Amino acid sequence: MEKIQKIKGFADLFPPDSGVFAFIEATARSVFTRYGYQELRIPILERTELFSRSIGEETDVVQKEMYTFPDRKGRSLTLRPEATAGVMRALIEEKRADDGLAKYFAYGPMFRYERPQKGRMRQFHQIDVEAVGSGEPLLDAEILLMLRHYLTELGLTQLTVELNSLGCPVCRPVFLDVLREFLKGMHKEQLCEDCMRRKLTNPLRVLDCKVPQCKEFTADAPKITDHLCPECAEHFAAVRRILDAAGLEYVLNPRLVRGLDYYVRTTFEIVSGAIGAQSSVAGGGRYDGLVSSLGGPDVPGVGFACGMERLALLIAQNTTPAPDFFVAVLDPAGLDTGLLLAQHLRREGFAGEAPFAAKSTKSQMRAAGKSGARFCLLLGPDELATGSVVVKDMTTSTQESLPRDDVAAFLRAHCA
RNA sequence: GUGACUGUAGCUCAGUUGGUAGAGUCCCAGGUUGUGGCCCUGGUUGCCGUGGGUUCGAGUCCCAUCAGUCACCCCA
């Protein structure tokens, strides 16, 4: 029969990688709940319009990266390419968007039809954090501090925080005019094909272009942070003041532009130099107009997303914990007894295995050694006859014979 | 969507100027050992990604195709 293989850009996750993901999730829950965030679980499939309206019609994500298809009744559905839109939809739909300060985190798979490479899959996983209901710079600062706290708890310290402010509906259009004016005279010899289009549709993105030539010709382009309105300037200054006081180091990057249109004011990105070209492990910012643009109340919000695959690239492979025992059955007639002994010990809280086939003594002892188990429990003919078991300490090579009923107590006394 | 590189045992890879496949590891059995991680002996495992072509003969050359990797792009 012909083998069926997985879809390009989708992955099977075996140990120890699956353990790394479990660690990433467990740490997120542990840290975020300390800041008052609660878990929210939302659908993977949404109506396409949710994403085109929130992320932005002109973005690459919407234009060429979404898994969009009609359902059986012809409605256009899309596998979520990011989590924020769905969370906002849920908050609005369940009338929790203006319910004081709503703080939630969510994690799970996202889907983007891109060419796979290191740190970029078509199905990838994000941890998403959203706080809706406050426009105060204190919230921007707290969420960034929490993100740093989380990454530190994951053991990741060699990361750079990039920070910028994108202004608001008052000052950004003014800046965009200034920027358009600056870009107006640029020709095809100066900007790449994409940027020639962007300078009309989405001029901010020109600043973020990676093409060397574009960088060169936009080197002295106006900076948004020089054109913020007084309110935005004060907001940004306040955020920075708190971060400085908290000892959070960051670099200002006036060219940092998020790929999603809904961001305003504070935006940030966490970058690693150790995971290849897809260097951003987390990114986010403030999105004060988003909720109302999706038909909800006019409430401000801040959020970020972490790429779990990218975090996993940075986390040392955690070894699965060694089992407590390993049963070696030296007489084929003892296989049943071995299984029952293992089962008894598992109920008592210990981890370990018993064999399903009577292999040679040598290979069983070898397997016991390789499993890393602290104790090897030997069942030979004598032990089967007397209801006992030989307990061998694999670290000291000492052993003693015990009644099988006493093994649990013995392990409890010797295992930490 | 564009480009470069790769595709040989379960895993990591070698395979020289084209002559119908090899090592290590893993697994199994045995030896040594105080019933285990070291060491020694023996053994199993391959549509050489797939489909064409050149040739007396192709893992080795050519074309196509599929898959993977990295980069562009984009983003977490």
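The structure contained in this document is the topic of the report that follows. Residue positions are counted from 1 within each chain, in the order its sequence is given. Starting at A for chains and at 1 for ligands, labels are handed out in the order in which the entities are written. A pLDDT threshold of at least 70 governs which residues receive local features in this predicted model, and a stricter bar of 80 or more applies before side-chain atom pairs are shown or counted, although totals over entire chains, interfaces and linings include all residues. Excluding hydrogens and water, the side-chain figures rest on all heavy atoms present in the structure.

**Examining the overall build of chain A**
Part 1 of the argument: When helices and strands are counted, chain A shows 16 helices and 16 strands.
Part 2 of the argument: Two things to know: the radius of gyration comes from C-alpha atoms, and the globule rule equals 2.2 Å times the number of residues to the power 0.38. Over its C-alpha trace chain A gives a radius of gyration of 28 Å, far above what one expects of a compact globule, namely 22 Å for 416 residues.
Part 3 of the argument: Along the first, second and third principal axes, the C-alpha atoms of chain A reach 95 × 55 × 45 Å.
Part 4 of the argument: Summary of the burial criterion: residues with accessible area below 20% of their type's maximum are buried, those above 50% are exposed, and those between are partly exposed, where the area comes from a 1.4 Å probe applied to protein chains only. Looking at chain A residue by residue over its 416 residues, the buried ones come to 50%.
Part 5 of the argument: Any two residues whose heavy atoms approach within 4.5 Å at even a single point are treated as in contact. Contacts in chain A between residues far apart in sequence, at least 24 positions, make up 70% of those at least 6 positions apart.
Part 6 of the argument: Here, Shrake-Rupley sampling with a 1.4 Å probe gives the accessible areas, and only protein chains in the shown set may cover a residue. Only carbon and sulfur atoms are counted for the fraction: they give 52% of the accessible area of chain A, which is about 21200 Å².
Part 7 of the argument: Working convention for charge: Lys and Arg count positive, Asp and Glu count negative, and His plus the chain ends are omitted. Charge positions are represented by NZ for Lys, CZ for Arg, CG for Asp and CD for Glu. The centroid of the 51 positive side-chain charges in chain A is displaced by 4 Å from the centroid of its 54 negative side-chain charges. Here a helix means four or more residues in a row that DSSP labels H or I, a strand means two or more in a row labelled E, and each is numbered from the N terminus.

**Points about the environment of Ile24**
Part 1 of the argument: Along the chain, Ile24 falls in helix 1 (residues 17–34).
Part 2 of the argument: Residues Ile24 and Glu181 lie 157 residues apart in sequence; the distance between their C-alpha atoms is 46 Å.
Part 3 of the argument: In this structure Ile24 touches Ile127, Tyr150, Leu154, Met308, Leu311, Ala312 and Ile315, once residues within four positions along its chain are discounted.

**A few points about the protein's contact with RNA strand B**
Part 1 of the argument: Any residue with a non-hydrogen atom lying within 4 Å of a molecule or strand is treated as near it. Arg115, Arg198, Arg205, Ser397 and Gln399 are the nearest of the 42 residues found near RNA strand B.
Part 2 of the argument: A breakdown of the atoms of RNA strand B within 4 Å of the protein gives sugar and phosphate a share of 52%.
Part 3 of the argument: Within the side chain of Glu114, an N or O atom sits 2.9 Å from a base oxygen of RNA strand B.
Part 4 of the argument: What qualifies as a polar contact is a pair of N or O atoms within 3.5 Å, subject to a donor-acceptor requirement within protein and to the restriction that residues adjacent in sequence count only when both atoms come from side chains. Ser397 places a polar side-chain atom, nitrogen or oxygen, 2.3 Å from a base oxygen of RNA strand B.
Part 5 of the argument: Mapped onto the surface near RNA strand B, the elements with two or more residues apiece are strand 6 (123–132), strand 10 (280–286), strand 11 (301–307) and helix 14 (361–371).
Part 6 of the argument: With five residues, helix 14 is the largest single contributor of residues to the surface near RNA strand B.
Part 7 of the argument: Polarity classes work like this: nonpolar for Ala, Val, Leu, Ile, Met, Phe, Trp, Tyr, Cys and Pro, charged for Asp, Glu, Lys and Arg, and polar for all others, with Gly in that last group. Split by residue class, the surface near RNA strand B holds 10 nonpolar, 14 polar and 18 charged.

**A short note on the sheet that holds strand 16 (residues 399–403)**
Part 1 of the argument: DSSP-based pairing: two strands are paired if at least 2 bridges between them are found. Within the open sheet, the five strands sit side by side as 13-12-14-15-16. Their pairing is mixed. A single partner strand is all that each edge strand has here, and the edge strands are strand 13 (352–353) and strand 16.
Part 2 of the argument: Pairing analysis gives four bridges linking strand 14 (residues 375–379) to strand 15 (residues 388–393), with the strands arranged antiparallel. Within strand 15, the position partnered with Cys376 by the bridge is Lys392.
Part 3 of the argument: Lines fitted to C-alpha atoms define the axes, with helix axes restricted to the stretch in contact, and inter-axis angles between N-to-C directions lie between 0 and 180 degrees. Those strands touched by helix 13 (residues 335–347) are strand 12 (325–329), strand 13, strand 14 and strand 15, and its axis lies near 165° from that of strand 12.
Part 4 of the argument: Sheet strands touched by helix 14: strand 12, strand 14 and strand 15. Its angle to strand 12, the strand with the most contacts, is close to 175°.

**Here's the deal with the pairing of strand 9 (residues 264–271)**
Part 1 of the argument: Most of strand 9 is tucked away: eight of the eight residues are buried.
Part 2 of the argument: Bridging between strand 7 (residues 160–165) and strand 9 involves six bridges; their strand directions are antiparallel. In the strand pairing of strand 9, Thr160 is matched with Val271.
Part 3 of the argument: Pairing between strand 9 and strand 10: six bridges, direction antiparallel. Bridge pairing links Ile270 to Ala282 in strand 10.

As far as function goes, none of this settles anything; it's purely spatial.
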